Amino acid sequence: MLLFSLILIPLVGALAVALLPAKNAKSVSMATTLVAAALGVLALMQFQSEGRFASSFQFAGEINWMSNLGLSLSVGIDGISLTLILLTLLLGPICVACSFTAITERVRTYYSWLLVLLGAMVGVFAARDLILFYVCFEFTLIPMFILISLYGSTNRKRASVKFFLYTFTGSMIALAGLVYVAWFNSELPVGTQGAGRWTFEIAVLQRAAASMTPAQQAWVLAALLAGFAVKVPLFPVHTWLPLAHTEAPTAGSVILAGVLLKLGTYGLYRFAIPFCPQAIVEHAPLIGLVCVIGIIYGGLICWVQTDVKKLVAYSSVAHLGFCILGLVALNQVGITGSVLYMINHGLSTGALFLCIGMIYERYHTRSMKELGGLAARMPVWSTFMVFFVMASVGLPGLNGFISEIMCLLGAFQASDAWGSGLWSSVGGLAGGDVNGATPGTLGPWYAAIAGTGMIVAAMYLLYMTGVVVWGPLKEPHGHDHGHGDAHAGALPTDLNRREVLTLAPLAALCLLLGVYPKPVLNLIHAPIADSVRIIEDGRSALARSNGLLPALAAAPDTAQAATNP
Amino acid sequence: MIERLSMMYPEIALFVTTCIVMVLGLSRTLAVRKMTAVVAGAGVLVAGLLAVSTTPSGDAVTGAVGQTFLPGLVPYAKVVIAAVGLLMLLTLAGTVDRGEESRIAAGQRAFDPLRSNRAEFYAFYLFSLTGLMLTAGADSLVWLFLALELTSLPTYIMVAISTPENRGREASVKYFFLGAMGAAVFLYGFSLIYGATGSTNLNEIHAHFASHGLSPIALAGVLLSLLGFMFKIAAVPMHFYTADVYQGAASQVSAFLAFVPKTAGFLAIILLCGAVGWNYAPAEFGWTRPLLPGGGTDLPESIRIALWVIAALTMTVGNILALLQSSLKRLLAYSSIAHSGYMLVGIVAGPGDGTFAHNGLAAVLFYLLCYGVMNLGVFAVLSCIERGVTPEGEPIEADSFSDIRGLCGRNPVLGWTLVVCSLSLLGLPPLLGFFGKLPLFSAAIASHEIPLVIVLGLNSAIAAFYYLRLAFASFLEPGDAEASRNAISPFRSRALAAALSAGGVVLLSIIGNVVISHASVAGRYVPAAKPVAEQLDKLPAKHAGADDFGLR
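Residues numbered from 1 in each chain as written. Chains lettered and ligands numbered in written order. Predicted model: local features only at pLDDT ≥ 70, side-chain atom pairs only at ≥ 80, totals over all residues. Heavy atoms only, no water.

Engineer: Which parts of the structure should I look at to understand the side chain of Glu138(A)?
Structural biologist: One can find Glu138(A) in helix H5 (residues 130-139). For the buried residue Glu138(A), which engages in no salt bridge, the nearest side chain bearing the opposite charge is Lys231(A), 6.5 Å off. For Glu138(A), the contacting residues outside a window of four places in its chain are Thr167(A), Phe168(A), Ser171(A), Leu428(B) and Pro429(B). (Helix = DSSP H or I, 4+ residues; strand = E, 2+ residues; numbered from the N terminus. Buried < 20%, exposed > 50% of the residue type's maximum accessible area, 1.4 Å probe, protein only. Lys, Arg positive; Asp, Glu negative; His and termini not counted. Salt bridge = Lys/Arg side-chain N within 4 Å of Asp/Glu carboxyl O. Contact = heavy atoms within 4.5 Å.)

Engineer: Explain the environment of Val259(A) here, please?
Structural biologist: Inspection of the secondary structure assignment puts Val259(A) in helix H11 (residues 250-275). Given the relative accessible area of 1%, Val259(A) is considered buried.

Engineer: How do you make sense of the confidence of the model for chain A when you look at a structure like this?
Structural biologist: One rule of thumb: low pLDDT means the predicted coordinates there are not for detailed reading. Residue and element names in this part refer to chain A. The share of residues in chain A with pLDDT of 70 or more is 90%, and the mean pLDDT across the chain is 87. Ranking the elements of chain A by mean pLDDT puts helix H21 (residues 558-563) last with 45 and helix H4 (residues 107-126) first with 95. Residue range residues 481-488 is modelled with pLDDT below 50. Its contacts to residues more than four positions away, or to other chains, number 8 contacts. Across residues 554-565 the pLDDT falls below 50, and counting only partners more than four positions away or on other chains, this stretch makes 8 contacts in the model. (pLDDT = per-residue confidence, 0-100.)

Engineer: Teacher, can you tell me more about the layout of surface pockets here?
Structural biologist: Rolled over the atoms, a probe sized like a water molecule indicates the empty space that remains. All names here are of chain A. Approximately 1,800 Å³ is the volume found for the largest pocket. In terms of lining, the largest pocket is formed by 49 residues, of which the most central are Leu11, Leu15, Trp113, Val116 and Phe139. Classifying every residue of the lining of the largest pocket by side-chain character gives 36 nonpolar, 9 polar and 4 charged. (1 Å grid on protein atoms, 1.4 Å probe; cavity = no way out; pocket = protein on both sides within 12 Å on 5 of 7 lines; lining within 4 Å. Points joined across faces, edges and corners; volume = space filled by probe spheres on them. Nonpolar A, V, L, I, M, F, W, Y, C, P; charged D, E, K, R; others polar.)

Engineer: Looking at this model, I keep getting lost on the packing of aromatic side chains. Mind explaining?
Structural biologist: Think of a pair of aromatic rings as described by two things: how far the centres are apart, and how the planes are tilted against each other in angle. Going through the model one piece at a time under the given rule, you end up with 44 aromatic pairs over all chains. Relative to Phe435(B), the ring of Trp65(A) lies with its centre 5.1 Å away and its plane at 75°, an arrangement referred to as edge-to-face. Within this pair, whereas Trp65(A) is found in strand E1 (residues 58-66), its partner Phe435(B) is found in helix H19 (residues 432-446), the two belonging to separate chains. Judged by relative accessible area, Phe435(B) falls into the buried class, the value being 0%. Seen from their ring centres, Phe121(B) and Tyr122(B) are 5.7 Å apart, and the 80° between their planes marks the pair as edge-to-face. Using a relative accessible area of 0% as the deciding quantity, one classes Phe121(B) as buried. These aromatic residues form a ring-pair network of at least three members: Trp113(A), Phe145(A), Phe164(A), Phe168(A), Trp416(B), Phe472(B) and Phe475(B). It is Arg128(A) that lies over the ring of Phe57(A); its NZ or CZ is 3.5 Å from the centre. (Phe/Tyr/Trp six-rings, centres within 6.5 Å; stacked < 30°, edge-to-face > 60°. Lys NZ or Arg CZ within 6 Å of the ring centre and 35° of its normal.)

Engineer: For this particular structure, what's the right way to read empty space enclosed by the protein?
Structural biologist: Residues and elements named next belong to chain B. Under the criterion given, the structure shown has 10 cavities of 30 Å³ or more. Lining the largest cavity are 19 residues, and of these Ser162, Ala250, Gln252, Pro395 and Glu397 lie nearest its centre. Those elements giving two or more residues to the lining of the largest cavity turn out to be helix H15 (360-384), strand E1 (385-389) and strand E2 (395-397). Among the elements that line the lining of the largest cavity, the one with the most residues is E2, at 3 residues. In terms of residue class, the lining of the largest cavity is made up of 6 nonpolar, 6 polar and 7 charged.

Structure, rendered in structure tokens:
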């Protein structure tokens, strides 16, 4: 019930905003997001992170939908879904609040689609049915498309169309992979736990998918990667991101960076690992290589940007490269770092986009050539800006450091020989000898090269901060002294109370998660331990099929016996 | 004979209504003439209600006759035809005689039955629906041919009289000649099948194929028949007429063309492929040796490859050419071609093991309903917008993107219907089009047609380009001065049809399970007993007899 109401409340709020007069839009949407956030806190308090239910899916509910197709509206959350839902519900009121002065036309449309987007995102994280996940996943495209193309900047049409088409194409291929897994489950002999009948329940499919042959798993992984890698985004299918981020309105960018990108990383965690354990172990080095390339490439492109928003957008590409690197390290430290990175990136990059939005509302430019030394003019804003830049860079003491170090540690520890992972995987593809090397390992080389990505991140972010915040004061022509009068509407020179209230919770969380991340780590520990167990099973199954380990003496479960000849 | 009539109550009701409508439309009293459409609608409604209580065909218990390998097909198909037919009738109101009636109302002219087209228009519409229902209940090749012709010949006339401009006549002539050629092709195919099997009765043909396999002549007959049916569903390579005919006819009649011939073609394809059977092993491939059933789950290899290539080409050609269009009606014509391609994937997949998720035939039958409703929504919106009225009193149609720009602001009902139905045609969850495509996906994966599934997915993504343009031109873009001069058609039933379509799209995506259960029953395939290949030479050969024309 709780989860269904978490999904429905934003949708009902959207309907209310659409039907009520425009002057009520802001207050109704603010109330809706605050009620949803309160419910989220309630869920957090009732969630059991230790004990018997720690890694199971709590607050579960199910409504029969299309039983002929095996669809049901089945929801449930574990620690990871809970943290991501809390991130979404936290960013909800913040996005509503930051749009109060930015959006002046077609106000009702804006707030109602923003609320629909929030409801759909909660649905993605709460879904325990594959098609419910896919429906909510795809349905987030429409509100985002509308927000970008109606309320964005100059190039908004191209940005919104490119965003929609890239992600829609990838998702179609992912759908083929997901339906394949459902079909595989329906072909198994009828079992007690849902095997053998047509269903889309994720728990059932997870049990069945582990018995797919490595070749089948590889194809399913390729299909899932096609869909989720576009969303994350991974190099080289990332080109929609800078355009979409730059042209979106402030709240759109915050939601896009904060939550929408995490749909892709969450999808990889929730589906790529449990559905294809052997395949992901086998191909982890290749995925890790793509991530490392993304980190370095994204960082170098950021360095030459002059548009502040585009710089932060490309930095998302680099940061999420770290996130997926930790994920494909496939050990407890790495995956924990990856999940933590999802949350921390949402907080810090979301806040960076908020700060940039506040600049844009006042000066109507984002170019580093026209802005400079704003600390003299806007000290409060500058404090927040530097704070969030430091969180994004990964300064120890703030949240970015924790997740970054854990991802790198995971990549470093995922080795048995000095960087043998990639060579054995590539050599295996080229028909070389794979004996003697454990597949699915990253290694110190990955961590080292990604570590230089940290240095590049510091370079471009600090350079940007140095130009925009410090240095000689430079304001765009026409915004001279005396700015803050009636020119830009009611916005004062420095931040007003509403804007400080949108940034303060994010800053507090960045600091808290930087010095005391233990509550979050407690929440996510048990589910990740389960995932690591699945990965280890996949690793040993792969080693057995490669002849590196002796075959199992006792007969494995009947599903495996039936499908492996 | 009596048993056969008892299965045709819906068609009889429609036929009686046709006779009444033909007379009503010729009355000199305006009020009586206006009742023509209402009576036609009542007839379709009665036919639908009668169809609900139709017994399944081939049911040994009740003694009903008909084809036996798809027993549940007839009731479902007739109800779907009646339901979508009623919606289409709401859209078709006011198509013909508009200028003529305005002149009569202005007193310039007296009512002249020779000039009036109203009676013929509605009568031909009802004839076409009758033919469509007869196609569903066909159990012999002759019946199938007659039903298909009864479905198509009225459509040629409807296209011609839908608009007094020359484009209607040009479209009709093109459609007629190409349609006649298509009919000749599948009739020739039917004759070859008769020559090979010795019977025109679908049950006997099915039993013959099950026991003797396909001889080369039978294979040629089946392939030619399928090629002729491809004309009906506008599949490559028989798709060239589609864009010109849709553009030449009035929008409402184009909506009719997008559903009725397509349904007729797919019902015929399902019946013919059902007679052939999906139990051939994929390794069997030969032009000269007979194709033997048993040991597999596909159509005979040459038929399967032909349908595979046609499906892939149809989807791709339809979507790519739709990208290039600036005329809305041509864009919808090419999108119609693409949707035919999607449904052909279900035919290639076959009935599988009978569960709905594996059953390509049930997926096609469900998709026909989904497609009928959502496509009608878009065409109904188009038919509501008029750029103006000619001096003769006939409407000037809206056919370009500039006409629908900003429609949501000017007329929310029409604008939002366009958005909902376009996004549903795209296949965006959670709208109906996605739940129509999902069974096609799953059926194709279940029959191991993975490359075809990839083609289907990529084509859906290509289609996003133009459906997005269509959906958001009305919602996101502000209307320009030209668009704001457009009037809404005075025939309010078209707006009602649009709203009902949008409502149907939303409703069916919530309670679709009920319809899916019926479609699953309709797609249930009950093949004849399949002898093992080695025992074939022990069976007696079939002799042609006097009662083999299937007209029992």
